[in-house]
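Each chain, letter by letter, is given below.
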Amino acid sequence: MAQPTSGVRVRFAPSPTGRLHIGGARTAIYNWAFARATGGTFILLIEDTDPERSTEENVQVILNAMKWLELDWDEGPEVGGEAGPYFQMQRMGTYADALEQLKAAGAAYPCFCTKEELDQKRALAEKTEGGYAGYDRTCRALDEKEAQSRIDAGEPHVWRLAVPENHGPIEFEDAVYGHMSFPAEVMDDMILVRSDGSPTYNFAVVCDDVNMGITHVIRGDDHLSNTPKQVLIYEALGKPVPTFAHLSMILGPDGKKLSKRHGATSVEEYRDRGFLPDAMVNFLALLGWSLDGETTIMSRDVICGNFSLDRVTKKDAVFDETKLSWMNGQYIQKMGASEWVRKSWPWLARAFSEGYPYMHSAIIPTPEPDEPSTEPEPLTEEQWAAFDDDYAAHPAFYEALYPLVAERETSLTECESKLAYMFWGPCVWLDEKSVNKILRKEGARAEEALHACRAVLADEGNAWECAVLEQKCKDLAEPLDMKLRNLLQPLRVAFSGNMVSPPLFESIELLERKDVLARIDACLDIVFGSK
RNA sequence: GGCUCCGUCGUCUAGCGGUUUAGGACGCCGCCCUCUCAAGGCGGAGGUCGAGGGUUCGAAUCCCUUCGGAGCUACCA
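All values reported here derive from a predicted model rather than from experimental measurement.

## Some thoughts on the overall build of chain A
Part 1: In terms of regular secondary structure, chain A is built from 22 helices and 13 strands.
Part 2: Compactness check: chain A gives a C-alpha radius of gyration of 32 Å against a globular reference of 24 Å for 531 residues, more than 25% above the reference.
Part 3: Taking the principal axes of its C-alpha atoms as reference, chain A extends roughly 105 × 45 × 40 Å.
Part 4: Here chain A, with 531 residues, has 50% of them falling under the buried criterion.

Next comes the structure, spelled out in structure tokens:
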């Protein structure tokens, strides 16, 4: 299965164990970007040797995450390729072949020590000798014939790598860490094949990388210490050692390895929280790599066109969600209305559903800032149908919402709360705090302002256009001797229910005159008891 | 314990012996803009480059020591 290796071949090999971890995603991005930058081939290989978790469904989860990030692979599941199959479970034959080769070369030997025996020895060594030095090579001394007869008798055994005696330091080049050297004496006669015949990780990766013609192994830092062991396997196999590139760890805000305790750790979670794939890729690319030290926002094309291993840092990086949010906001500003509508679908549907069918107008208590975020009820089929109908009837309306929130959103989810008022029809939910601060404020003349603005909005002579309505309302300030702020904030509250909202007249323009007037009337009635 | 790696503003980073009074970005503070909130513009605080020794005319950049952090040390991957 020797591959013609012309050019760069890199691979990302995730285990389908549930979700695509942030660290894994970055590894995938670096492999992908490196392949694209060098005109090489990006291969996706599924490490599905754990039968417990490697379900069809979990494989799909990984694939979906890769697709969501828009990391296209040249060879792998669904697209095939000449170096396949791309599932380790389907490559068992290649591992068996490799073992045979090692046996023939005398580079592997059977070991009959049981797990229990080894655990005991390890425990003892840790107590008495101040540390376990690795397998004591008991079975390596076994007579070949004796070993064979025990195998023939069906005695359980594993196959170990016979680390060469007097092997000088094990050295290899790492594109990130530079020249690496490990003393061979501390290398364990590691297990290659387990007693059940399955290959261990270190053996399987080497076989795969050899057979797939991988030229650059770009992977997590946690494999750095595994690398000399793997180099030994390459040597035993008589194969050239690829270039390695180890990526530093991604840490949580507390400086500890990123884990569930830090909150969201999978790309799926970020997707569900309204993050854009472009922002994720841009942000993750910058976690350990830089273009020039200055550029922060960069497109996939720029990343792919300029990615290089020699600008990858060795230092562990803390995952700073604040910066990710900022970056996401930058991408939301640039994405455009139609894409925004398409991607904001779930949250727009929620915003729509809250206002449908229209509820009554009322003052509602201001939510506590430390609200216990409860999982929202999923929308019913009915609600979805109603939303779909509404969108079909007013597609332009939905696109017009984009400029209202584009530069105010840091995540797509925010449109649900920020735009809720746009779906209230003739009703308004008045935020209690806003009512007290704006409408009921002593000496603010809010009621007077509201009546005046209402008159402008009610005047059929005024075109229902943002610029016209805004100008006419602002013209009220002078005769009334009011500050714009005092004049318009009451209108904002009466219309949107809150003292903080997206642009006022731009919003009003998108709704019907009768609904806007109805809201003002409801507000006047509820707050001031006047009509 | 052993092996290995890392250490520049709070965070992501630039820096590869002199062009550096250590640059950019997020965050923070202030000002401007302004009907709110944002966005945007401008400005500011914040690192003496983990510490201590060298080498050198000159070091964040080279060497040594030291401290701190991390990874590996499985019939897990």
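There is more to say after this.
## Digging into the protein's contact with RNA strand B
Part 1: Around RNA strand B sit 62 residues in total, of which R194, K315, E407, R408 and R492 are the nearest.
Part 2: In the model, a sugar or linking oxygen of RNA strand B is placed 3.1 Å from a nitrogen or oxygen of the S15 side chain.
Part 3: Between C113 and RNA strand B, the recorded distance is 3.2 Å, taken from a backbone N or O atom to a base nitrogen.
Part 4: Of all elements in the fold, only α4 (115-128), β6 (178-182), β11 (317-318), α11 (321-335), α18 (466-474) and α20 (484-496) reach the threshold of two or more residues within the surface near RNA strand B.
Part 5: Residue composition of the surface near RNA strand B, grouped by class: 22 nonpolar, 19 polar and 21 charged.

## Some details on the environment of S195
Part 1: With respect to the helices and strands, S195 occurs in the loop between β7 (191-193) and α6 (201-211).
Part 2: Between the alpha carbons of S195 and V158 there is a distance of 4.6 Å; along the sequence they are 37 residues apart.
Part 3: In contact with S195, not counting residues within four places along its chain, are H157 and V158.

## Quick notes on the nonpolar core
Part 1: In terms of nonpolar packing, the biggest core is built from 121 residues, with M66, F319, W340, L401 and L419 touching the most fellow members.
Part 2: By residue number, the principal contributor to this core is helix α1 (residues 22-38), which donates nine residues.
Part 3: With sequence-adjacent residues up to four places away left out, W340 is seen in contact with I332, M335, L348, Y398, L401, Y402, V405, E409, L412, C415 and L419.

## Topic: α11
Part 1: A rise of 1.5 Å per residue sets the reference length of α11, with its 15 residues, at 21 Å; its end C-alpha atoms lie 20 Å apart and thus fit the reference within 8%.
Part 2: Within the span of α11, buried status applies to L324, S325, M327, N328, G329, Y331, I332 and M335.
Part 3: On its buried face, α11 is in contact with α8 (267-272), α9 (277-285), α12 (337-354) and α14 (395-405).
Part 4: Its side-chain oxygen 3.1 Å from the backbone nitrogen of T322, D320 forms the N-cap of α11.
Part 5: Two residues or fewer after α11 comes G336, characterised by a positive phi angle close to 95°.

## Details of the pairing of β6
Part 1: Bridge analysis of strand β5 (residues 170-174) against β6 gives five bridges, and the strand direction is antiparallel. Each residue of the ladder has a partner; that of F172, found in β6, is M180.
Part 2: The hairpin formed by β5 and β6 contains three residues between the paired strands.

## Some thoughts on the domain arrangement of chain A
Part 1: What the domain assignment reports for chain A is domain 1 (1-85 + 248-334), domain 2 (92-247) and domain 3 (336-531).
Part 2: A straight line from the C-alpha centre of domain 1 to that of domain 2 covers 29 Å.
Part 3: Residue-level contacts link 27 residues of domain 1 with 24 residues of domain 2.
Part 4: In total, domain 1 and domain 2 occlude about 2100 Å² of area from one another, counting both sides; carbon and sulfur atoms represent 64% of this.

## Concerning the confidence of the model for chain A
Part 1: Across chain A, pLDDT averages 90, with 97% of residues at or above 70.
Part 2: The element-level mean pLDDT for chain A is lowest in α4, coming to 76, with α9 highest at 97.
Part 3: Every residue in residues 1-5 is under pLDDT 50, and counting partners more than four places away or in other chains gives twelve contacts.
Part 4: Here the predicted complex scores 0.92 on pTM and 0.94 on ipTM.

Basis of the calculations
Residues numbered from 1 in each chain as written. Chains lettered and ligands numbered in written order. Predicted model: local features only at pLDDT ≥ 70, side-chain atom pairs only at ≥ 80, totals over all residues. Heavy atoms only, no water. Helix = DSSP H or I, 4+ residues; strand = E, 2+ residues; numbered from the N terminus. Rg over C-alpha atoms; globule rule 2.2 N^0.38 Å. Buried < 20%, exposed > 50% of the residue type's maximum accessible area, 1.4 Å probe, protein only. Near = heavy atom within 4 Å. Polar contact = N/O pair within 3.5 Å; in protein donor to acceptor, adjacent residues only side chain to side chain. Nonpolar A, V, L, I, M, F, W, Y, C, P; charged D, E, K, R; others polar. Contact = heavy atoms within 4.5 Å. Core = buried A, V, L, I, M, F, W, Y, C linked by side-chain atoms within 4.5 Å. Expected span 1.5 Å × (residues − 1). Pairing = 2+ DSSP bridges. Domains from an automatic or database assignment. Buried area = accessible area lost by both parts, 1.4 Å probe. pLDDT = per-residue confidence, 0-100.

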